[in-house]
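In case you want the letters, here they are:
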Amino acid sequence: MKGKLFTAALGLVLSATAMNASAQKVYKEGVITIGASMQGQSVDIKSYFRADSSATAFNAGPASIKVLTDKDAKSMAILVDVPVASIKKAAIATPAEVEEEQAKLPVFDFTPGTEKKVINGFNCKKVVAKDIKSGKTYDIWVTNDVTIPQTGGSKIYAKAGGVPIQYSTFQNGQSAEVTVKSIVEQKVPAGTFAIPSDFEKISLDDLKSMGGGGN
């Protein structure tokens, strides 16, 4: 697994968010399907959630990757499963490492717009997010159709006025747009938020060095 894959996964999880807002439908547990682009490839990401945990899972080439976080984003683990190479690794982030990555993220002021549109069945309104660190602005689209638990990530969109449906993720100064395709309420399978016993626990630096290293 290349280092770029690690940073893509980390950026997605740290920038992804779910927050409470006045809504018609309340989801307490389920799965969000998100469309994104990683290293020029279109990727479908599954984000499993409940009130205390989230797990973000996707495939990248032969690797299956899952990122686990708690509701306060104080713990994080990145699981990498590559059957063809007999690799099962779980990189455990220290609290300091999580805090360091979060410190790199934008800090937004939000300005509601007047534009509205429907994205994948969600009634959305445009919000302009301005990064007070860089001065850059980003157009995001949020919905008040649903409420989902505030779990994991940096919650950089927590004050956006709704649940983000089309928004940007960030890692190492780069941004990428992602779009929520669906949100389904369902019982999350047992073990979704746990590290399997057959995974070797390693550090984040060990993970970054796998298959070529670096960011």
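Quick notes on the rules
- Residues numbered from 1 in each chain as written.
- Predicted model: local features only at pLDDT ≥ 70, side-chain atom pairs only at ≥ 80, totals over all residues.
- Heavy atoms only, no water.
- Helix = DSSP H or I, 4+ residues; strand = E, 2+ residues; numbered from the N terminus.
- Buried < 20%, exposed > 50% of the residue type's maximum accessible area, 1.4 Å probe, protein only.
- Contact = heavy atoms within 4.5 Å.
- Areas by Shrake-Rupley, 256 points an atom, 1.4 Å probe, with all protein chains shown as cover.
- Salt bridge = Lys/Arg side-chain N within 4 Å of Asp/Glu carboxyl O.
- Pairing = 2+ DSSP bridges.
- Phe/Tyr/Trp six-rings, centres within 6.5 Å; stacked < 30°, edge-to-face > 60°.

Draft legend 1. Fine view of the overall build of the protein. The number of helices and strands found in the protein is three helices and 14 strands. When each of the 215 residues of the protein is scored for burial, the buried share is 50%. Nonlocal contacts in the protein, meaning residues at least 24 apart in sequence, comprise 57% of its contacts between residues at least 6 apart. Split by element, the accessible area of the protein, about 10,300 Å² in all, is 49% carbon and sulfur.

Draft legend 2. Representation of the pattern of salt bridges within the structure. Using the criterion set out here, one finds eight salt bridges in the structure. For Asp-198, the salt bridge is made with Lys-88, and the minimal N-O distance between the two is 2.7 Å. Within this pair, whereas Asp-198 is found in the loop between β13 (174-185) and β14 (200-203), its partner Lys-88 is found in strand β7 (residues 87-93), the two being separated by 110 residues in sequence. Judged by its relative accessible area of 32%, Lys-88 falls in the partly exposed class.

Draft legend 3. Focus on the pairing of strand β8 (residues 108-119). Looking at chain direction, β8 and strand β9 (residues 122-131) are connected through nine bridges and run antiparallel. Residue pairing across strands places Phe-108 opposite Asp-131, the latter belonging to β9. Linking two consecutive strands that pair antiparallel, namely β8 and β9, is a turn of two residues; a positive phi of about 50 degrees is found at Asn-120 within it.

Draft legend 4. Structural detail: the packing of aromatic side chains. By the definition in use, this model includes seven aromatic pairs. Ring geometry for Phe-108 and Tyr-157: centres 5.5 Å apart, planes at 15 degrees, overall stacked. Taken as a pair, Phe-108 in strand β8 and Tyr-157 in the loop between β11 (146-147) and β12 (163-171) lie far apart in primary sequence, 49 residues in all. A ring pair is formed by Phe-108 and Phe-170, whose centres lie 5.9 Å apart and whose planes are at 55 degrees; its orientation type is tilted. One end of the pair, Phe-108, is in strand β8; the other, Phe-170, is in strand β12, with 62 residues separating them in the sequence. Exposure remark for Phe-108: the relative accessible area of 10% places this residue in the buried category.

Draft legend 5. Structural view of unusual backbone geometry. We note that Ser-86 has phi near 55 degrees; this positive angle belongs to a residue other than glycine. Within the secondary structure, Ser-86 is located in the loop between β6 (76-82) and β7. Residues other than glycine seldom take positive phi values, yet Asn-120 does so here, at roughly 50 degrees. Along the polypeptide, Asn-120 turns up in the loop between β8 and β9.

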